[in-house]
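# Fold and contact review
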Amino acid sequence: MNLRRKGIIITIMKSKLTLINAQKSTGAKTALAFFTASLFATNSVFADNIQLSAISGKPYEDGGLNKSIPSRDLDTNLPDLGDIAQTVLTPQDEQRIAEQILREVAVSDDVLQDAEIADYLQAIGQRLAASGPDKRQTFNFFVVRDNSINAFAMPGGVIGVHTGLILASNSESEMASVLGHEIGHVTQRHLARMLASQKYDTFKNIAGIALALLVARANPELASGALTASTAAGVQRQLDYTREHEREADRVGLTILDAAGFDVRGMPAFFTTLQRSTRFVEGTAPSFLRTHPLNAERIADVSNRVETMPYKQVADSLDFQLVKAKLRAGNGMAQTAIDQFQDNLRERRFANETAENYGLAVAMLRKNDLVGATKQMQWLQAHAVKHPFIENLAARIEVARNNPQAAAAQYAKALTLFPDQRSLIYGYAEHYLATNQPDKALKLIAEKQPLFPTDAYFYDMMAKAYAAKGKDLLRFQAQGESYYRKYNLNRAVEQFDFAVKAKDGNFYEHSIVDARLKELRRLQANEKTALDRLS
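Now for a look at the structure at hand. No experiment lies behind these values; they were computed from the predicted model shown.

This brings us to the packing of helix H18 (residues 404-417) against helix H19 (residues 422-434). Between H18 and H19, whose axes approach to 10 Å, the crossing angle comes to 150°. Relative to H19, H18 is oriented roughly antiparallel. In terms of crossing hand, the pair formed by H18 and H19 is left-handed. Here Pro 404, Ala 407, Ala 408, Tyr 411, Ala 412, Ala 414 and Leu 415 of H18 lie close against H19, whose contacting residues are Leu 424, Ile 425, Gly 427, Tyr 428 and His 431. For the contact of H18 with H19, the residue count by class is 10 nonpolar, two polar and no charged.

Below, the structure written as structure tokens:
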């Protein structure tokens, strides 16, 4: 097994996230996925004026989809991966790489840290993954702040989705089809297979094509020069394999989509969206830039498969519509979003009236129009079904109005209705901290944190509460546990070292942090050994 190769993969993955801020200053749109885009990411840009649809189904059949080229034989058999992939990148290796990636994700400003949207995406992703072929594979889904239509899979089941893809999806089934496709890439171990097929080639070419794609986003005129240096020693062959991976992921994704209860017509419908918006449709870009080829053969293959599957209509969930409304409310200038929501409501141009009023309230709160936001909340409370997003927004409006008693009452009521809603727990604990009630914050966190054992933010809030109480040992301990859940062992060890040296704390508390520090140092040593072997 070539350990150096795996080290290069980790480095490229980490560099991909590090480059996000730098690319913003040069005007690039999408650097977060620049490496995985060269392997199997959706390669397109955001489309304006996308029409919404609340129901997925037969209307897709006349959506202007190009199906002119006949499909290949509808063979649903997938290749036997055998041991060749595992000789290059084992599942354990992929998981180590995934942890490196998640460490960067945890601290990236370009990852959307919104509990409501993140939990929605995670729930949809896990629903799809549960219907996938590999029940042992773990998956982590996260949302990237980027208006381009993109999603990408990385080693170890890490899947990123751009906000632009959610906004461009005309139905929940369309969005789910992309997630199913990316899950297919993971379960079929496409990265490992690609590495196996290229085991005699230099990996400078992968880094080169990744750089070329990044440059292409920022300045297309410079892309060809960067690509020229990357075309030697098999880059075109890598892209050829990727085209086969795309067909395979489509087939797996369709099966997953159907088994999870979504409308399989969402996949060809999303192809229509891509055809209308992408710059890199077949025939409009150099072949070595078509990293996620949307060609007629692939479209026809999926469309013909869908025709043989049972027809069913699947209504969008209210969660989906509220997530889209919240993203729209957060895009661009707040007043522009307000104007758009008001125009849509006045002209009755919306897929869901509740979501449109919710989006307007979010946009008004964002602009600090508390009178307008309160008025919209009154409409929602009178006309909408009870929903955690709406209950949380009501509490946030009271916080913004500097009405702590009303905010506390709203959070308490909302948690009675939705006791496991993470955003409500966050908000209530933050309210206690903001009003100098650390004991109540700690009590709430102690009650709810076991529901979310891997959530670092609970420990961040615990650290703030202990700091307010002057409890140094417990503050450092909580901060260390937070870093551990952010996959940062070095910072975790540092915090526990501070905890051991703290002057307060009883014998029992010191015994706990002593034992935990020893455990973390053992894990730290193991990680260092593994990384040394990969270098």
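Turning our attention to the nonpolar core. In terms of nonpolar packing, the biggest core is built from 68 residues, with Leu 128, Ile 159, Leu 179 and Tyr 358 touching the most fellow members. Residue contributions to this core peak at eight residues, all from helix H15 (residues 353-366). Excluding its chain neighbours within four sequence positions, the residues that come into contact with Leu 179 are Leu 121, Ile 124, Gly 125, Leu 128, Phe 141, Ile 159 and Val 161. Grouped together as the second largest cluster of nonpolar side chains are 38 residues, Tyr 428, Tyr 432, Ala 463 and Tyr 483 included.

Moving on, we get to the packing of aromatic side chains. A complete count under the given rule lists nine aromatic pairs for this structure. Ring centres of Phe 476 and Phe 498 lie 5.4 Å apart, and the angle between their planes is 55°; this geometry places the pair in the tilted category. On the criterion of sequence distance, the pair formed by Phe 476 in helix H22 (residues 472-485) and Phe 498 in helix H23 (residues 489-501) is long-range, its members being 22 residues apart. By the ring-pair criterion, three or more aromatic residues cluster together here, those being Tyr 426, Phe 452, Tyr 457 and Phe 458. Seen from the ring of Phe 476, Arg 475 lies directly overhead, with NZ or CZ sitting 4.4 Å from the centre. Sitting over the ring of Tyr 484, Arg 516 keeps its end group 4.6 Å from the ring centre.

So, on to the sheet that holds strand S3 (residues 151-154). Taken in spatial order, the three strands line up as S2-S4-S3 in an open sheet, and their pairing is mixed. Each edge of the open sheet is held by one strand with a lone partner, namely strand S2 (140-144) and S3. The average undirected angle you get between the axes of adjacent strands in this sheet is 20°. As defined by bridge partners, S3 adjoins strand S4 (residues 158-162) across four bridges and the pair is classed as antiparallel. Considered in S4, the bridge of Met 154 is made with Val 158. In this fold helix H4 (residues 115-129) packs onto S2 and S4, with an angle of close to 135° to the strand it touches most, S2. Its contacts with the sheet place helix H6 (residues 172-187) against S2, S3 and S4, and it is angled at close to 20° to S3.

Inspection of the secondary structure puts Ile 390 in helix H17 (residues 388-400). Sequence separation of Ile 390 and Met 377 is 13 residues, and the distance between their C-alpha atoms is 7.9 Å. Setting aside anything within four residues of it in sequence, one finds Ile 390 in contact with Thr 354, Tyr 358, Met 377, Leu 380, Ala 384 and Val 385.

Now for the environment of Thr 336. Considering the arrangement of structural elements, one finds Thr 336 in helix H14 (residues 334-346). Residue classification places Thr 336 among the exposed residues on the basis of a relative accessible area of 52%. For Thr 336 and Ala 363, which are 27 residues apart along the polypeptide, the C-alpha to C-alpha distance reads 9.1 Å.

What counts as what
Residues numbered from 1 in each chain as written. Predicted model: local features only at pLDDT ≥ 70, side-chain atom pairs only at ≥ 80, totals over all residues. Heavy atoms only, no water. Axes fitted to C-alpha atoms, helices over the stretch in contact; angles between N-to-C directions. Helix = DSSP H or I, 4+ residues; strand = E, 2+ residues; numbered from the N terminus. Parallel < 35°, antiparallel > 145°, perpendicular 65-115°, else oblique. Left-handed = near helix turned anticlockwise from the far one by under 90°. Contact = heavy atoms within 4.5 Å. Nonpolar A, V, L, I, M, F, W, Y, C, P; charged D, E, K, R; others polar. Core = buried A, V, L, I, M, F, W, Y, C linked by side-chain atoms within 4.5 Å. Buried < 20%, exposed > 50% of the residue type's maximum accessible area, 1.4 Å probe, protein only. Phe/Tyr/Trp six-rings, centres within 6.5 Å; stacked < 30°, edge-to-face > 60°. Lys NZ or Arg CZ within 6 Å of the ring centre and 35° of its normal. Pairing = 2+ DSSP bridges.

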